[in-house]
Amino acid sequence: PPTNKPHALAATRHLAAAVDHRKPAVHLWSFKKEQPAFRCQAPEKLTCIALAADSAHCLAGGASGALYLWQLATGRLLLCWEAHFRACTAVAFTGALGSLVFTAAEDAVVIAWSLAELLRSALASATPAPLRTWTDHVLPVTSLAVAECGQHALVASASLDQTVRVWRLA
């Protein structure tokens with residue numbers, strides 16, 4: 001069953017996804033059926049999840065700080081990489097096609113990734129490079145909010161240091 005932890009549930013117009021709090025897996029449901037459409041296995045227990053708006057990809061963060069990217073049409077794990085030094089706390093896609101990905105963790109770091117670069121890295125079996133990294137928080141980041149602002153994305157992060165930081169990805 002799904003967990004009741006923050007950031008462990010995500011939805012688009014077509015799908016809902018939830019992190020399984022008992023097993024290293026993600027459950028995916030179509031809004032047309034009551035039973036899960038399928039389950040994606042993970043190498044570790046997951047802590048947060050996001051779905052691309054077009055329902056093409058799912059991104060989840062693990063307790064180790066690793067990130068996992070699945071292709072939802074096939075359920076195939078495309079890419080797994082060490083992104084953070086501590087547990088991931090939030091992940092988010094932005095853009096109508098989910099062209100950018102943002103991740104945050106207990107290491108107090110927020111990272112921006114290009115989805116195109118992640119997909120290229122998956123094909124080349126390479127470790128992806130971040131598009132941008134922010135290290136302004138001093139305690140774990142607990143939440144992310146991402147919004148479009150013209151041609152740029154705005155990213156807000158909240159932290160246990162009792163601050164909210166807002167950046168424009170220019």
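Our structure is the block above this text.
### Points about the sheet that holds strand S9 (residues 88-94)
Alright, step 1. A sheet is described by the order of its strands in space; here four strands give the open sequence S9-S10-S11-S12, paired in antiparallel fashion. Looking at which strands have only one partner, the edges of the open sheet turn out to be S9 and strand S12 (132-134). If you compare each strand with its neighbour and ignore which way they point, the axes differ by 15° on average.
Alright, step 2. Note that S9 and strand S10 (residues 100-105) share six bridges and pair antiparallel. Counted as the bridge partner of Thr-94 is Leu-100 from S10.
Alright, step 3. The sheet contacts of helix H1 (residues 115-124) involve S9, S10 and strand S11 (110-114), and relative to S11 the element is tilted by about 70°.

### Observations concerning the side chain of Ser-114
Alright, step 1. Within the secondary structure, Ser-114 is located in strand S11.
Alright, step 2. Engagement of the side chain of Ser-114 in a polar contact is seen with the backbone nitrogen of Ala-116, the distance being 3.3 Å.
Alright, step 3. Residues contacting Ser-114, with those up to four places away along its chain left out, are Ser-99, Leu-100 and Leu-131.

### Remarks on the state of the cysteines
Alright, step 1. Applying the stated criterion across every chain yields a total of zero disulfides.
Alright, step 2. In this structure Cys-88 is a free cysteine whose sulfur lies 5.2 Å from that of Cys-48, the closest cysteine sulfur available.
Alright, step 3. Owing to a relative accessible area of 2%, Cys-88 belongs among the buried residues under this scheme.

### Points about the sheet that holds strand S1 (residues 9-11)
Alright, step 1. Reading across from one edge, S1-S2-S3-S4 is the order of the four strands in this open sheet, with antiparallel pairing throughout. Of all strands in the sheet, those with a lone pairing partner are S1 and strand S4 (38-41), marking the two edges. For this sheet, the mean angle separating the axes of adjacent strands, direction not counted, is 20°.
Alright, step 2. Direction of pairing for strand S3 (residues 25-30) relative to S4: antiparallel, over a ladder of four bridges. When the bridges of S4 are listed, Val-26 appears paired with Cys-40.

### A few points about H1
Alright, step 1. Every buried residue of H1 is listed here: Leu-115, Leu-118, Ser-121 and Ala-122. The buried residues of H1 occupy an angular sector of 120° when projected down its axis, which confines them to one face. With respect to the buried face of H1, the exposed residues turned more than 90 degrees away are Arg-120, Leu-123 and Ala-124.
Alright, step 2. The elements touched by buried residues of H1 are strand S6 (57-62), strand S7 (66-71), strand S8 (76-82), S9, S10 and S11.
Alright, step 3. Capping the start of H1, Ser-114 holds a side-chain oxygen 3.3 Å from the backbone nitrogen of Ala-116, two or three residues further along.
Alright, step 4. Downstream of H1 by a residue or two, Ser-125 has a phi angle that is positive, lying close to 50°.

Reading the values: the criteria
- Residues numbered from 1 in each chain as written.
- Predicted model: local features only at pLDDT ≥ 70, side-chain atom pairs only at ≥ 80, totals over all residues.
- Heavy atoms only, no water.
- Pairing = 2+ DSSP bridges.
- Helix = DSSP H or I, 4+ residues; strand = E, 2+ residues; numbered from the N terminus.
- Axes fitted to C-alpha atoms, helices over the stretch in contact; angles between N-to-C directions.
- Contact = heavy atoms within 4.5 Å.
- Polar contact = N/O pair within 3.5 Å; in protein donor to acceptor, adjacent residues only side chain to side chain.
- Disulfide = S-S within 2.5 Å.
- Buried < 20%, exposed > 50% of the residue type's maximum accessible area, 1.4 Å probe, protein only.
- Arc of directions from axis to C-beta.

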